[in-house]
Amino acid sequence: MKSSVETLEPTRVRLTVEVPFEELKSEMDKAYKDIAGQVNIPGFRKGHVPPRIIDQRFGRAAVIEQVVNEVLPGHYSSAVASNDLRPMAQPEVEVTEIPNTTGPQGGQLVFTAEVAVVPPFELPAIDESIEVVVDSAEVADEDVDKELEELRGRFATLKTVDRAAAAGDFTTIDLVARIGGEEVDSVSDVSYEIGSGDMLDGQDEALSGASAGDEVAFTAVLKGGDHEGEEAEVSLTVKSVKVRELPTADDDFAQMVSEFDTIGELTEDLREQAAQSKESQQALQARDRLIDLLLERVEIQLPESAVEHELSHRVEAAGESADQDALRAEVVREMRSELLSEAVAKEFDVQVSQQELIDYAIQMSQNYGVDINQLFSSPQQMSNVVADLGRSKALIEALKRVTVKDSSGAEVDLSKFFGEDPAAAENAEIVGGADSDEAEAPADAEDAAE
């Protein structure tokens, strides 16, 4: 197979691939055999029809078409790899020449593929000269108090009060939404915390100051259902107002919620947990801030068509009110970060072992309930998982080579997050998505633009 690349635009190329008949011969033989096993021709046993008879009855072009459909994707992928291209979309393929359809077998398959790509870019040096600054991991009393308050909140109780509702109160409500006077949605006996903002815009304001038995109304855009995105008249009936009561932080509380006998012992354990949490946050910050530093020093051109393709999905998922400028910036950063991580993996020759792949799959299954069989449902999906893990390992390798300091100037040791097993619990977070503060479950599948 021979291939050549013509640059049409900085982010678009035409790939021309030539496959001689000799490389198609085995697939041609297989196609003849498949067809021979499917047809009934007088004078020949099923499965034993000679190729020349198949050519006479059905035409060799039909056989060649089957072969081309079978081999073209593989030859395209091989040509992409041999020319070190990074496609960002599905190619536009045109077959310009096929093997001989008459006469002696021979000739060649020639096809072109126009595709959006990322032009080659040069990574900056990744070494100790790069300094990444993260927040301090020092634990303050306020951090411990916050941990304790969150723990008390998990064991809080709700008490009915006879007063007007205020922010932080819990109300039990019935809700009816109408459009043009017609009821389109309703729910009953829903518990809602005023100020949480997790139902409808304007709901917090409508409930503030209301008491049990009151009815309030407001206008809001519906966020779900058949009428999502439409404006509706919403009426609420307040059935009760409750306040959250936190348990007293004493020895009895410590014994109830933990294995400790005293509140002092529990508080000290919470201090240790806060320290561990801050150290994990340092690792995540170091990862994300290193990406930001590297992205500032490298020029990665993205095909506009690939950006628009992904942006359209994000806008559709977010709704018409989405901030498209913010979503575009998010898409661009994610794409550039992924490409950067791939380049780092190549630079450091990062390899993913079979055991790492298995451990990673088990970790994802345990953390997110992902079916392991789904992760490996196809060769393409397997390749996506390997690439995802490889990019994550690459970021760890990069962090090993740079200098990490906290805001006070002290060097930060992240070695415990750099275990040999990328799926280990110690570095599971740092292996997560490159743009989030928490590890993310892998996507079910990635299209060619990813």
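Residues numbered from 1 in each chain as written. Predicted model: local features only at pLDDT ≥ 70, side-chain atom pairs only at ≥ 80, totals over all residues. Heavy atoms only, no water.

Caption draft 1: Quick look at the sheet that holds strand 1 (residues 2-9). With respect to topology, 4 strands assemble into an open sheet ordered 1-2-4-3, the strand pairing being antiparallel. Looking at which strands have only one partner, the edges of the open sheet turn out to be strand 1 and strand 3 (92-97). Each adjacent strand pair in this sheet contributes to an overall mean axis angle of 20°, direction not counted. Note that strand 3 and strand 4 (residues 108-116) share 5 bridges and pair antiparallel. (Pairing = 2+ DSSP bridges. Helix = DSSP H or I, 4+ residues; strand = E, 2+ residues; numbered from the N terminus. Axes fitted to C-alpha atoms, helices over the stretch in contact; angles between N-to-C directions.)

Caption draft 2: Molecular detail of the pattern of salt bridges. Under the defined criterion, the tally for this structure stands at 34 salt bridges. Across the salt bridge formed by Asp84 and Lys346, the nearest N and O atoms sit 2.9 Å from each other. Pair noted here: Asp84 is in the loop between helix 3 (60-82) and strand 3 and Lys346 is in helix 9 (residues 324-347), with a separation of 262 residues, a long-range link. Taken as a pair, Asp84 and Lys346 share a single burial class, namely exposed. Asp135 serves as the salt-bridge partner of Arg289, at 3.9 Å between the closest nitrogen and oxygen. Of this pair, Arg289 sits in helix 7 (residues 263-296) while Asp135 sits in the loop between strand 5 (131-134) and helix 4 (141-154), and the two are 154 residues apart along the sequence. Judged by relative accessible area, Arg289 falls into the partly exposed class, the value being 31%. Through salt bridges that share partners, Glu6, Arg12, Arg14, Glu92 and Glu114 make up one connected network. (Salt bridge = Lys/Arg side-chain N within 4 Å of Asp/Glu carboxyl O. Buried < 20%, exposed > 50% of the residue type's maximum accessible area, 1.4 Å probe, protein only.)

Caption draft 3: Summary view of the packing of aromatic side chains. One pass over the structure, following the stated rule, counts 1 aromatic pair. Pairing Phe155 with Phe253 gives two aromatic rings, centres 6.2 Å apart and planes at 90°, and the pair type is edge-to-face. Of the two residues, Phe155 sits in the loop between helix 4 and strand 6 (157-160) while Phe253 sits in helix 6 (residues 251-257), which places them 98 residues apart along the sequence. On the basis of relative accessibility, which here comes to 36%, the residue Phe155 falls in the partly exposed class. For Phe253, a relative accessible area of 3% puts it in the buried group. The ring centre of Phe348 lies 3.9 Å from the NZ or CZ of Arg401, which sits over that ring. (Phe/Tyr/Trp six-rings, centres within 6.5 Å; stacked < 30°, edge-to-face > 60°. Lys NZ or Arg CZ within 6 Å of the ring centre and 35° of its normal.)

Caption draft 4: Structural context of the pairing of strand 8 (residues 182-193). Relative to strand 8, strand 7 (residues 170-179) is paired through 9 bridges, and the arrangement is antiparallel. For Arg178, the partnering residue across the bridge sits in strand 8 and is Glu183.

Caption draft 5: Fine view of a nonpolar patch on the surface. A contiguous nonpolar surface patch, about 200 Å² in accessible area, is contributed by Val93, Val95 and Ile98. With respect to the element layout, Val95 can be found in strand 3. On the basis of relative accessible area, Val95 is assigned to the partly exposed category, the value being 36%. (Patch = residues over 30% accessible without salt bridge, like charges linked within 9 Å, V, L, I, M, F, W, Y side chains within 5 Å. Areas by Shrake-Rupley, 256 points an atom, 1.4 Å probe, with all protein chains shown as cover.)

Caption draft 6: Seen up close, the UniProt feature "domain: Trigger factor ribosome-binding bacterial" (unreviewed entry) in the protein. According to UniProt, the "domain: Trigger factor ribosome-binding bacterial" (unreviewed entry) feature falls on residues 1-151. With 38% helix and 24% strand, the stretch residues 1-151 has end C-alpha atoms that lie 65 Å from each other. (UniProt positions renumbered as here; feature names shortened; annotations may be inferred.)

Caption draft 7: Geometry of unusual backbone geometry. Positioned with a positive phi, Asp84 is a non-glycine residue whose angle comes to about 55°. Positive phi, normally seen in glycine, also occurs at Asp189, with a value near 55°. Within the element layout of this structure, Asp189 appears in strand 8. Its relative accessible area of 51% is what places Asp189 among the exposed residues.

Caption draft 8: Molecular detail of a negative patch on the surface. Side chains of Glu182, Glu183, Asp185 and Asp226 sit close together on the surface and give a patch of like negative charge. Owing to a relative accessible area of 55%, Glu182 belongs among the exposed residues under this scheme. (Lys, Arg positive; Asp, Glu negative; His and termini not counted. Charge placed at Lys NZ, Arg CZ, Asp CG, Glu CD.)

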